[in-house]
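# A look at the structure
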Amino acid sequence: MHLSTRPILRRVALTGAALLAATAAVPQASAATGDRIPAGGGLSAVIRYTENGIPHILARDYAQLGFGTGWAQAADQVCVLADGFVTVAGERSRWFGPDAAPDGSLSSATRNLSSDLYFKGVRESGTVEKLLATPAPAGPTKDLKELMRGWAAGYNAWLAQNRIDDPACKGAGWVRPVTTTDVAARGFAVSVLGGQGRGIDGITAAQPPAAAQPPTAQPPAAAAPGSPATPLGPASAPDPATAAEAAREFFDTSRYDMGSNAVAFAGSTTASGSGLLLGNPHYPWQGGRRFWQSQQTIPGKLNVSGGSLLGTAVVNIGFNEKVAWSHTVATGTPVSLHQLTLDPADATAYLVDGKPERMTRRTVTVPVSGGDPVTRTQWWTRYGPVVSNLGAGLPLPWTAGTAYALNDPNAANLRGSDSALAMGRARSVAGIQEALARTQGLPWVNTVAADSAGGTLFTQSQVLPRITDELAARCSTPLGRATYPASGLAVLDGSRTDCALGSDPDAVQPGVFGPGKAPTLRDAPYAENSNDSAWLAHADRPLTGYERVWGSVATPRSLRTRGAVEDVSAMAAKGRLTVADLEKQQFANRVPAGDLAAADAAKACAALPGGTATGSDGSAVDVSAACPVLAGWDRTADSTSRGALLFDRFWRRLTASTAAKDLWLVPFSAADPVRTPRTLNQAAPGIGRALADAVAELRAAGIALDAPLGEHQFVVRGGQKLPVGGGTEALGVWNKIEAPWNAAAGGYAEVAHGSSHIQAVGWDRGHCPVARTLLTYGQSSNPGSPHSADQTRLFSRERWVTARFCERDILTSPQLKVVWARERR
């Protein structure tokens, strides 16, 4: 329950004594460390809530800090959390049916059945338990294990002491207590999101050719509707050229539903001489990959504020008194393939240096709602699971002579939360770099950081398979010789031990790069990343010399990267920057594509004979009214901008149908990567067609060509229509917003993903950091919560939350409420 404690807190004079008094009230942690559901008693924490429902969690040790975090997350997000625990238990088919699709937050599985077959296999194989038992630094630290134990206890205590009123899971039988292993299994799923998690459909579908089944193999069970094991047509080897393009698309970070921008400014560019950080991660607005805000404090040990991925016990993106950091999805290819030469007598055995080695069978049975259990067999090798595809465009057929195994080093990595915990304790960008080098836990992100002394950092300290260019040249199969240059996906000869990945002496696990190989830039005037490779973290200090698996060098950058580098380099050159400048950058909503092409598109439009263009369906469309709209557009994606919606719909169609070589008159140049390619080819035949299609689409939906963007890019909260500014990946807008287009429903009806936990952080030489934050979708998914839309309304109005970090700020909050969360004995 919430207790009004304002008079009590005032009596302790709003000084550090309040902190000491509060922590003295928190009991010591239970001595129990086993993986069990706590039966009662022992753990507790003090949770102080300030504006927008942001909890400041105070505890005496890591188990109790985890307890408070689990309790507070459950209070805001119990249904989303419970849904995720059903996923990692492999029970989605039992509760929601085998053919429904998961929300995509914990894997890319397309159906519940394939998700369950994979995650149940992980649980039954003891993978997570083995990782928990691995000593640090290869395994999780004691502090992290205590945090996870406490988180499970806090979640369970909240369930036991509160009634669920969220309609998403009220009265649902799948909302159940969890264990430490459940929490760790969720962390494992996050770790393999970019690897095994993206290959689940291919892992669970992989079966040996029927004619080559070994004598001991059981015949496959009849395929359930939608089963990943449904037989395919005759297998054929993938075409290398086609596979190279498919791999490039599969690992293209601009296509992910996660992304981000982040920039750190050095003290030489700021008014105070301290660093500045603007973090703008792009994550889903719904489901289990949302962020959740908090401050975590153990006096004398940890004091950190920021955003946590749901189900994690740590702050993933945040700041403390001395340093702030954010992450962006990295371009490193987190997996490799090993092409297996199979034993001619047994398609479930493969040859290594001429000797046969049997695959390991993993037979998994999944309960299914309304039907019989489904049993499938997965096949594992020394390299990892056999996989039948990486997406629809990259089939990897298992024939009588060949199969493919997926190597994902993050399947041995449960250290991601240790990296976050270590960053939360760092005192400088040097400390951030040391923390990442020591823990080596980040599976698929870069880190950008700034500190109060004026330092900056960009580092791609990512867990990647140790694929050197030399190894790829020596051991690639014909398929790998096509995919590796295109995407960083190596396909190595799995029949040779001299093609093993090897180890770096500074790596904490075999087969991965050590931190000394990570592309890193220290103390540049600015360090920026928008999901392209490390090459242009600073335009005048390009990073080169890294292996292809980390990302590309001297290749075209996305419009979002180009626009971001233009913006932040101009800001650095202007100097005297403050947090207010970061706030302006977040909501500038400049459209780089518009700056490059809108004027020329308007001229091409005006030059069309009779103002008419031919659409994709062959119909003639009068587009003359579009020309002045494009010419007069202010080149922003503000919610009030007129012309932004028309240009967006036109630009998507044009770029989807016209190759870059035909679109631009000035081609890309590695010597001028921010300004090229440029100058729209007004004679490109796709321009008229894209204009006709965009105009016809808007008119058919009754949408004016000059309608303000926010009338048709919005969300509805509590029956209120909230206009949303920002733009799509295609437009290159920093404030990225992506939503499914539904003209019949009014346009971009609901945001699917985009700007999420935004933070602008600096220091003014005082004791407290100067921080503004914004959680775009609010703390809670429960529509009945006052915090399900409060920050969405702020985001719609381009307003910020002033972070309360120091004790005096927390205790003077006009909305202060305090909860003492504890287990009942």
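Everything below is about the structure shown above.
Everything numeric in this text was worked out from a predicted model, so none of it was measured. (Residues numbered from 1 in each chain as written. Predicted model: local features only at pLDDT ≥ 70, side-chain atom pairs only at ≥ 80, totals over all residues. Heavy atoms only, no water.)

## Some points on the pairing of strand 25 (residues 714-717)
- Pairing of strand 25 with strand 26 (residues 720-723), which is carried by four bridges, proceeds in the antiparallel orientation. When the bridges of strand 26 are listed, Val-716 appears paired with Lys-721.
- Between strand 25 and strand 26, which follow one another and run antiparallel, lie two residues, and Gly-718 among them has a positive phi close to 60 degrees. (Pairing = 2+ DSSP bridges. Helix = DSSP H or I, 4+ residues; strand = E, 2+ residues; numbered from the N terminus.)

## Observations regarding the packing of helix 17 (residues 592-606) against helix 19 (residues 644-657)
- Where helix 17 contacts helix 19, the axes come no closer than 11 Å and their chain directions differ by 90 degrees. The pairing of helix 17 with helix 19 is recorded here as roughly perpendicular in orientation. Of helix 19, the residues touching helix 17 (which contributes Ala-593, Gly-594, Ala-597, Ala-598 and Ala-601) are Phe-647, Phe-650 and Trp-651.
- A breakdown of the residues in the contact of helix 17 with helix 19 according to their chemical character gives seven nonpolar, one polar and no charged. (Axes fitted to C-alpha atoms, helices over the stretch in contact; angles between N-to-C directions. Parallel < 35°, antiparallel > 145°, perpendicular 65-115°, else oblique. Contact = heavy atoms within 4.5 Å. Nonpolar A, V, L, I, M, F, W, Y, C, P; charged D, E, K, R; others polar.)

## A look at the packing of helix 3 (residues 62-88) against helix 8 (residues 180-191)
- At a minimum axis distance of 10 Å, the contact between helix 3 and helix 8 shows a crossing angle of 80 degrees. Considering the angle they form, helix 3 stands roughly perpendicular to helix 8. Here helix 3 contributes Val-80, Leu-81, Gly-84, Phe-85 and Val-88 to the contact with helix 8, which in turn contributes Asp-182, Val-183, Ala-185, Arg-186 and Ala-189.
- In terms of residue class, the contact of helix 3 with helix 8 is made up of seven nonpolar, one polar and two charged.

## Focus on unusual backbone geometry
- The residue after Ala-136, namely Pro-137, is reached through a cis peptide bond having omega 10 degrees.
- With respect to the element layout, Pro-137 can be found in the loop between helix 6 (127-133) and helix 7 (142-161).
- The residue after Thr-676, namely Pro-677, is reached through a cis peptide bond having omega -5 degrees.
- Here Pro-677 shows up in the loop between strand 23 (664-666) and strand 24 (678-680).
- A positive phi is found at Arg-576, a non-glycine position, where the angle reads about 55 degrees.
- Here Arg-576 is to be found in the loop between helix 15 (559-574) and helix 16 (579-586).
- For Arg-576, a relative accessible area of 61% translates into the label exposed.
- We note that Asn-589 has phi near 55 degrees; this positive angle belongs to a residue other than glycine.
- Looking at where Asn-589 falls in the secondary structure, it is placed in the loop between helix 16 and helix 17. (Buried < 20%, exposed > 50% of the residue type's maximum accessible area, 1.4 Å probe, protein only.)

## A short note on the packing of aromatic side chains
- Summed over the entire model, instances satisfying the criterion amount to 21 aromatic pairs.
- Taking the centre distance of 5.3 Å and the plane angle of 15 degrees together, the rings of Trp-151 and Tyr-155 count as stacked. Residue Trp-151 and its partner Tyr-155 are both found in helix 7; the two are separated by four residues, about one turn of the helix.
- On the basis of relative accessibility, which here comes to 0%, the residue Trp-151 falls in the buried class.
- Each ring, one from Trp-285 and one from Tyr-777, has its centre 6.0 Å from the other, and the planes form 75 degrees; the classification is edge-to-face. Residue Trp-285 is located in the loop between strand 4 (276-284) and strand 5 (291-298), and its partner Tyr-777 is located in the loop between strand 32 (770-775) and helix 22 (790-796); the two are separated by 492 residues in the primary sequence. Here the two residues Trp-285 and Tyr-777 agree in accessibility, since each one is buried.
- Members of the aromatic cluster, each reached through a chain of ring pairs, are Trp-285, Phe-587, Tyr-777, Phe-795 and Trp-800. (Phe/Tyr/Trp six-rings, centres within 6.5 Å; stacked < 30°, edge-to-face > 60°.)

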